[in-house]
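Next come the chains, spelled out residue by residue.
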Amino acid sequence: MPNTYSPVNIEIFIRFFDEKVKNLLKNQYELDIEDSYQPLFNYTCYIKILDPRGVRRAAFYWLKNYYVEKFPYSDIYIDFKNNQIIDIIEKSLLRLILKNSLKIENLLLDLAEKYQDIPNCNIFLLKELQEREEGEEGGEGNQSNHSNHSNHSNNSNHSNHLDQSYQSYQSNYPSHGIREITKLSIMNSSVKQFDNIQEFLDLLPTVCKNIKKVRFYDLFFIDPTMELKLCNVIKSQKNLTSINLTYNFVNILRLISVIKHQANSLKKLVLRYIHHNDMFLLNTFDQLINLEYLEINECYPINIILEPLIRANLKLVTLKINDIEIRYDLVESIIKSSGSTLKHLELNIYIDIIENSLPLSKLCPNLSHLDLKVSIRMINDDDDEYVDDLRRKKPTFFNYINHLKHLKYFSADFTYYVMSYIEDFDRYINFINFPSLRFISLKDQYYSSSNSFKRRFDHFSTMFNEITFYIDSESDEYYLDPLEDFVREKKDSGLSLNYTFDGYYNFVATDRILY
């Protein structure tokens, strides 16, 4: 999960902490916060992402930087898990964000054991805030203390104006806390269960009813109790449009089956590294008739997912499949049912598998984005008959992708064996008909010669203004020297050379010449 709040941002928020909290930090913990940064306006109203772990990280790094600047030669150790100052800042900042954010849209929750438990759930319901405010009536409230304190500073006019704006904002825009979130991401990389986290997961489906997108990561560590809690989150939503489930190699039948409760509204489904063997899933996926975006990455067995989706007769706009079982027959059926609605396609294909398949121009003629990983299923260099047969199939790939009239983006990533067996690759690629193309990337692990590159450049430089060739920096000088000479010669023609360390060679052409 990203660090949503940086250490610098903490300075913006400290000014609005309760006076009791600031006095505690100053007097008991001897923190010098008298000269905290005075913001021009209330930044908390603009916060739309709540990452409780990011709040704690920000408090940790702020405190660490504070001690480094205050005591540059000390070796003060700050315990991330157990530190009362961090606890105080974490809770105060959470209160401030929950109370004053105009609308928190995205909730990120990392359940990693290193973070330990989260604060009590009442803070997310604003109950604690309401109780504190009721106990501070009679001139002891947060804002009056700010104003009284600012009378002793040189910036009193600015502070009074800021505090009045702060109070006016609170009156006009009452906080909803997490009640109005539309995105929920949970990363569960721990087998240890913490009390507040479990209570919070029970709370979510009762408070949050308008979530549109959910992402559950590291489901490998999920236990039956937590699975049930996540099921309740999905079931309780009014119109869930996107579900992303990642990493599970054990049974999560309930979590997958509950997806059918959102069949009418679900537009996007992402499944990554989900291994299962339960045929009951067939009763779930064939109900997802309104899907527009489908992404499946190394799920096994893939037929458990694809066969019911074929029956759903999908009309997808985006399809991304990394099929490790080579079941192109099933993938092709999904492509065919989507037909002219399909605009974005990402596949891994095998040349010797698609030999008798329909070309994409017949299956999905309106493609605008095509990203392919191209392989050969098996290589047997000792079998001359097999090798000759394979080389006879080299036009197969080009026939498969040709005549896509609306294609704007094309990327192909070739394994080593593919390029080495298509000896006259550039002759075939030069005849590909992509009249609307704006970007092309041809990436492989095989570099034949500078002459081959020159032919490719001569062809694509008539269509594109900028061409970049990425070459592995450890390539033999036999290849590098003539290539570098050619690039210097064609520098004014928009050609550039970049060195990489990944062992690949990538030809990229952009900025189409428009006539």
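The structure displayed is predicted, hence computed values, not measured ones.

With respect to the overall build of the chain
Reasoning step 1: When helices and strands are tallied, the chain shows 21 helices and 15 strands.
Reasoning step 2: Counting across all 515 residues of the chain, residues that qualify as buried make up 51%.
Reasoning step 3: Here the contacts in the chain between residues at least 6 apart in sequence split such that 83% fall between residues at least 24 apart.
Reasoning step 4: Entry remark: accessible area of the chain is about 24800 Å², with carbon and sulfur atoms responsible for 47%.

A closer look at the packing of helix H13 (residues 303-311) against helix H14 (residues 328-338)
Reasoning step 1: Remark: H13 packs on H14, axes separated minimally by 10 Å, with the N-to-C direction vectors making an angle of 30 degrees. Pair H13 / H14 crosses with left-handed handedness. Where H13 approaches H14, its residues Asn303, Leu306, Glu307, Leu309 and Ile310 are matched on the opposing element by Leu330, Val331, Ser333 and Ile334.
Reasoning step 2: In terms of residue class, the contact of H13 with H14 is made up of six nonpolar, two polar and one charged.

Describing the side chain of Arg53
Reasoning step 1: Mapped onto the secondary structure, Arg53 falls in helix H3 (residues 52-70).
Reasoning step 2: Within the buried set, Arg53 has no salt-bridge partner at all; the shortest N-O distance to an opposite charge, 5.5 Å, is to Glu90.
Reasoning step 3: Beyond its immediate chain neighbours, meaning those up to four positions away, Arg53 contacts Asp110, Leu111, Ala112, Tyr115, Gln116, Asp117, Ile118 and Ile197.

Comments concerning the packing of helix H2 (residues 19-28) against helix H4 (residues 84-100)
Reasoning step 1: As a packed pair, H2 and H4 sit with axes 11 Å apart at the nearest point and diverge in direction by 160 degrees. Considered as vectors, H2 and H4 are oriented roughly antiparallel to each other. Crossing handedness for the pair H2 and H4: left-handed. Along its contact with H2, which presents Val21, Leu24 and Leu25, the element H4 presents Ile85, Ile88, Ile89 and Ser92.
Reasoning step 2: For the contact of H2 with H4, the residue count by class is six nonpolar, one polar and no charged.

Focus on the packing of aromatic side chains
Reasoning step 1: Per the stated rule, a full pass over the model turns up 19 aromatic pairs.
Reasoning step 2: Pairing Phe397 with Phe414 gives two aromatic rings, centres 5.5 Å apart and planes at 80 degrees, and the pair type is edge-to-face. On the criterion of sequence distance, the pair formed by Phe397 in helix H17 (residues 395-401) and Phe414 in strand S11 (residues 409-414) is long-range, its members being 17 residues apart. There is no split in this pair, since Phe397 and Phe414 are both buried.
Reasoning step 3: Ring-pair connections join several aromatic residues into one group, and the members of that group are Phe453, Phe457, Phe460, Phe464, Phe469, Phe486 and Phe507.
Reasoning step 4: Here the basic side chain of Arg56 rests over the ring of Phe80, its NZ or CZ set 5.6 Å away from the ring centre.
Reasoning step 5: Note that Lys268 overlies the ring of Tyr293, its terminal NZ or CZ placed 4.4 Å from the centroid.

Brief notes about unusual backbone geometry
Reasoning step 1: Residue Tyr300 is joined to Pro301 through a cis peptide bond whose omega torsion reads -10 degrees.
Reasoning step 2: Position of Pro301 among the secondary structure elements: in the loop between strand S7 (293-297) and H13.
Reasoning step 3: One non-glycine residue, Gln116, lies in positive phi territory at about 60 degrees.
Reasoning step 4: With respect to the element layout, Gln116 can be found in the loop between strand S2 (106-110) and helix H5 (122-125).
Reasoning step 5: Its relative accessible area of 23% is what places Gln116 among the partly exposed residues.

A short note on the environment of His459
Reasoning step 1: One can find His459 in helix H20 (residues 450-460).
Reasoning step 2: Put simply, His459 and Arg427 are 32 residues apart on the chain and 9.7 Å apart in space, counted from C-alpha to C-alpha.
Reasoning step 3: Filtering out sequence-adjacent residues up to four positions away, His459 remains in contact with Ile429 and Asn430.

So, empty space enclosed by the protein
Reasoning step 1: Following the criterion strictly, the structure yields three cavities of 30 Å³ or more and no others.
Reasoning step 2: Residue lining of the largest cavity: Ile321, Asp323, Ile326, Arg327, Tyr328, Val331, Leu347, Asn348, Ile349, Tyr350, Ile353 and Ile354, and that is the complete set.
Reasoning step 3: Of all elements in the fold, only H14 and strand S9 (344-350) reach the threshold of two or more residues within the lining of the largest cavity.
Reasoning step 4: The leading source of residues in the lining of the largest cavity is S9, at four residues.
Reasoning step 5: The residue makeup of the lining of the largest cavity, split by class, is nine nonpolar, one polar and two charged.

Regarding the pattern of salt bridges
Reasoning step 1: Inspection of the entire model under this criterion finds 13 salt bridges.
Reasoning step 2: Here Glu227 and Arg254 are joined by a salt bridge, their closest N and O atoms 3.4 Å apart. Placement of Glu227 in helix H10 (residues 224-235) and of Arg254 in helix H11 (residues 253-257) is noted, with a sequence separation of 27 residues between them.
Reasoning step 3: Judged by its relative accessible area of 6%, Glu227 falls in the buried class.
Reasoning step 4: Judged by its relative accessible area of 37%, Arg254 falls in the partly exposed class.
Reasoning step 5: Each member of the salt-bridge network shares a partner with another, and the members are Arg56, Asp87 and Glu90.

Regarding the environment of Ile321
Reasoning step 1: Checked against the element boundaries, Ile321 lands in strand S8 (residues 318-322).
Reasoning step 2: Residue class for Ile321 comes out buried when judged on its relative accessible area of 4%.
Reasoning step 3: In this structure, the C-alpha to C-alpha distance between Ile321 and Cys299, residues 22 residues apart in sequence, is 9.4 Å.
Reasoning step 4: Sequence-distant contacts of Ile321, defined by excluding residues within four places in its chain, comprise Ile296, Ile302, Leu306, Val331, Glu346, Leu347 and Asn348.

With respect to the confidence of the model for the chain
Reasoning step 1: Model confidence for the chain is summarised by a mean pLDDT of 81, while 80% of its residues fall at 70 or above.
Reasoning step 2: Long-range and interchain partners of residues 136-159, a stretch whose pLDDT sits below 50, account for 40 contacts in this model, where long-range means more than four residues apart.

Some points on the pairing of strand S5 (residues 242-248)
Reasoning step 1: Judged by how many residues are buried, S5 sits mostly within the fold: six of seven residues are covered.
Reasoning step 2: Note: strand S4 (residues 213-217) against S5, four bridges, orientation parallel. Each bridged residue has a counterpart across the sheet, and for Lys213 the counterpart in S5 is Ser242.
Reasoning step 3: Once you follow S4 into H10 and on to S5, the crossover reads as right-handed.
Reasoning step 4: With six bridges connecting them, S5 and strand S6 (residues 268-274) associate as parallel partners. Residue pairing in the sheet places Thr246 in a bridge with Arg272 of S6.

The rules we used
- Residues numbered from 1 in each chain as written.
- Predicted model: local features only at pLDDT ≥ 70, side-chain atom pairs only at ≥ 80, totals over all residues.
- Heavy atoms only, no water.
- Helix = DSSP H or I, 4+ residues; strand = E, 2+ residues; numbered from the N terminus.
- Buried < 20%, exposed > 50% of the residue type's maximum accessible area, 1.4 Å probe, protein only.
- Contact = heavy atoms within 4.5 Å.
- Areas by Shrake-Rupley, 256 points an atom, 1.4 Å probe, with all protein chains shown as cover.
- Axes fitted to C-alpha atoms, helices over the stretch in contact; angles between N-to-C directions.
- Left-handed = near helix turned anticlockwise from the far one by under 90°.
- Nonpolar A, V, L, I, M, F, W, Y, C, P; charged D, E, K, R; others polar.
- Lys, Arg positive; Asp, Glu negative; His and termini not counted.
- Salt bridge = Lys/Arg side-chain N within 4 Å of Asp/Glu carboxyl O.
- Parallel < 35°, antiparallel > 145°, perpendicular 65-115°, else oblique.
- Phe/Tyr/Trp six-rings, centres within 6.5 Å; stacked < 30°, edge-to-face > 60°.
- Lys NZ or Arg CZ within 6 Å of the ring centre and 35° of its normal.
- 1 Å grid on protein atoms, 1.4 Å probe; cavity = no way out; pocket = protein on both sides within 12 Å on 5 of 7 lines; lining within 4 Å.
- Points joined across faces, edges and corners; volume = space filled by probe spheres on them.
- pLDDT = per-residue confidence, 0-100.
- Pairing = 2+ DSSP bridges.
- Right-handed = clockwise from strand over helix to strand, strands pointing away.

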